[in-house]
Amino acid sequence: MADLRGGIDLGGTKIQAAIVDGRGDVSGQARQPTPTSGGPEDVAAAMAAALRAAAQEAGVETGDLAGIGVGSPGDADEKTGVVSSARNLPGWEGSFPLAEVLGKELGTEVKVGNDVQVATEAEFHLGAGQEFQSLIGVFWGTGVGGGLVLDGRPWLGRGAAGEIGHVVVKRGGAKCPCGRKGCLEAYAGRSAMEAEARRQHEEGHKTDLFHLMEKHGKPRLTSGIWERALDHGDQMTEKLIERAIEALGTGIASAVNLIDPEAVIIGGGLGIRFGERLMDPLLAEMHKHLFVDERPPAVRVASLGDLGGAIGASLLLAR
Ligand SMILES: [Zn+2]
């Protein structure tokens with residue numbers, strides 16, 4: 001019992017909680033929508049509720065867990081447990097002592113880490129990256145996040161390493177959600193792709209994307225909507241995805257030129273949905289920019305799926 005841990009993946013739209021044993025097996029899980037109003041206290045309350053529900057499914061009291069790890073967006077300080085500037089969460093522009101508040105609420109130790117970094121470590125220990133000692137995780141979703149494992153150990157830099165989404169793929173290029181220009185995320189992030197599709201649509205270019213979005217009752221262009229439009233042969237979709245793949249190939253190759261990892265693991269909502277389907281064009285785009293092109297790294301799609309973030313968060317206790 002003592003080696004059961006909690007893991008929480010705190011996302012912009014949902015909170016995923018899991019109870020995980022020392023081998024990475026999940027014995028309970030629960031999900032809550034992320035509050036869209038209020039502040040960090042409300043988000044913490046929803047996280048506690050999700051973790052309690054997962055613990056109940058696993059038949060364990062939260063106070064009996066060996067601890068709980070949280071993968072968080074924003075600036076998550078592993079040493080202090082404080083999360084700052086989590087701008088995709090309501091009212092979280094400042095700092096909030098998440099580990100302390102959750103720890104009191106759930107009666108056990110809580111550690112926080114970067115959401116993408118912990119998902120990368122989960123793939124390294126338990127998923128698609130198990131056979132490698134060094135890898136780059138690329139999480140292609142709403143934004144484009146990254147994580148690094150070098151010589152078997154997480155590389156956090158001074159706390160902000162792995163931001164592959166903000167590697168510049170075109171100087172003076174498209175505006176990125178971060179406010180700068182020409183970042184990989186400005187071309188491949190789902191938010192940026194949606195903004196570009198909307199702009200072109202308003203200019204009179206034809207697309208089924210927004211029709212499909214309404215038909216399926218979605219508030220935004222989800223990865224499922226992008227896939228449907230691609231299946232329908234929607235031309236704008238084909239072009240925007242091709243543009244995203246070019247940017248991903250360029251950015252990933254640049255990172256590979258610097259780090260020379262054994263593997264690149266592609267995850268995230270769009271990455272998991274399109275990774276296998278678009279692997280050949282992605283490899284072709286990467287190849288154009290690899291300095292040592294006769295020995296490319298292995299490129300694999302993440303294998304832990306939706307639970308990878310929560311499982312990775314639980315590994316924060318083992319560090
Ligand atoms: Zn950026």
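Here's what I pulled together on the structure shown here. (Residues numbered from 1 in each chain as written. Predicted model: local features only at pLDDT ≥ 70, side-chain atom pairs only at ≥ 80, totals over all residues. Heavy atoms only, no water.)

Side note on the sheet that holds strand E6 (residues 83-84)
Here is step 1 of the chain: Strands sit in the order E5-E6-E7 across an open sheet of 3 strands; the sheet is antiparallel. Here the strands that pair on one side only, and so sit at the sheet edges, are strand E5 (75-76) and strand E7 (95-96).
Here is step 2 of the chain: The pairing of E6 with E7 spans 2 bridges and is classified as antiparallel. What sits directly across from Val83, in E7, is Phe96. (Pairing = 2+ DSSP bridges. Helix = DSSP H or I, 4+ residues; strand = E, 2+ residues; numbered from the N terminus.)

Quick word on the coordination of the zinc ion
Here is step 1 of the chain: Looking at the metal site, the zinc ion is ligated by His166 (ND1), Cys176 (SG), Cys178 (SG) and Cys183 (SG), spaced 2.0 to 2.4 Å from it.
Here is step 2 of the chain: Sequence positions of the donors to the zinc ion reduce to the motif H-x9-C-x1-C-x4-C.
Here is step 3 of the chain: Overall, the relative accessible area of 29% leaves Cys178 in the partly exposed class.
Here is step 4 of the chain: Note on Cys183: relative accessible area 2%, which makes it buried. (Donors = N, O, S within 2.8 Å, 3.2 Å for Na, K, Ca; no water. Buried < 20%, exposed > 50% of the residue type's maximum accessible area, 1.4 Å probe, protein only.)

A look at the pairing of strand E12 (residues 263-267)
Here is step 1 of the chain: Across the 5 residues of E12, 5 count as buried, placing the element largely inside the fold.
Here is step 2 of the chain: Of the two faces of E12, both are covered, the one formed by Ala263, Ile265 and Gly267 as well as the one formed by Val264 and Ile266.
Here is step 3 of the chain: Of the pairings in the sheet, the one linking E12 to strand E13 (residues 298-301) comprises 4 bridges and is parallel in character. Within E13, the position partnered with Ile265 by the bridge is Arg300.

Quick look at the sheet that holds strand E4 (residues 68-72)
Here is step 1 of the chain: Pairing in this open sheet of 5 strands is mixed, and the strands run E3-E2-E1-E4-E8 from one edge to the other. The outermost strands of the open sheet, each flanked by one partner alone, are strand E3 (26-33) and strand E8 (110-114). Here the average twist between neighbouring strands, direction ignored, is 15°.
Here is step 2 of the chain: As paired elements, E4 and E8 share 5 bridges and run parallel to each other. Looking at E8, one finds that Ser72 is bridged to Asn114. (Axes fitted to C-alpha atoms, helices over the stretch in contact; angles between N-to-C directions.)

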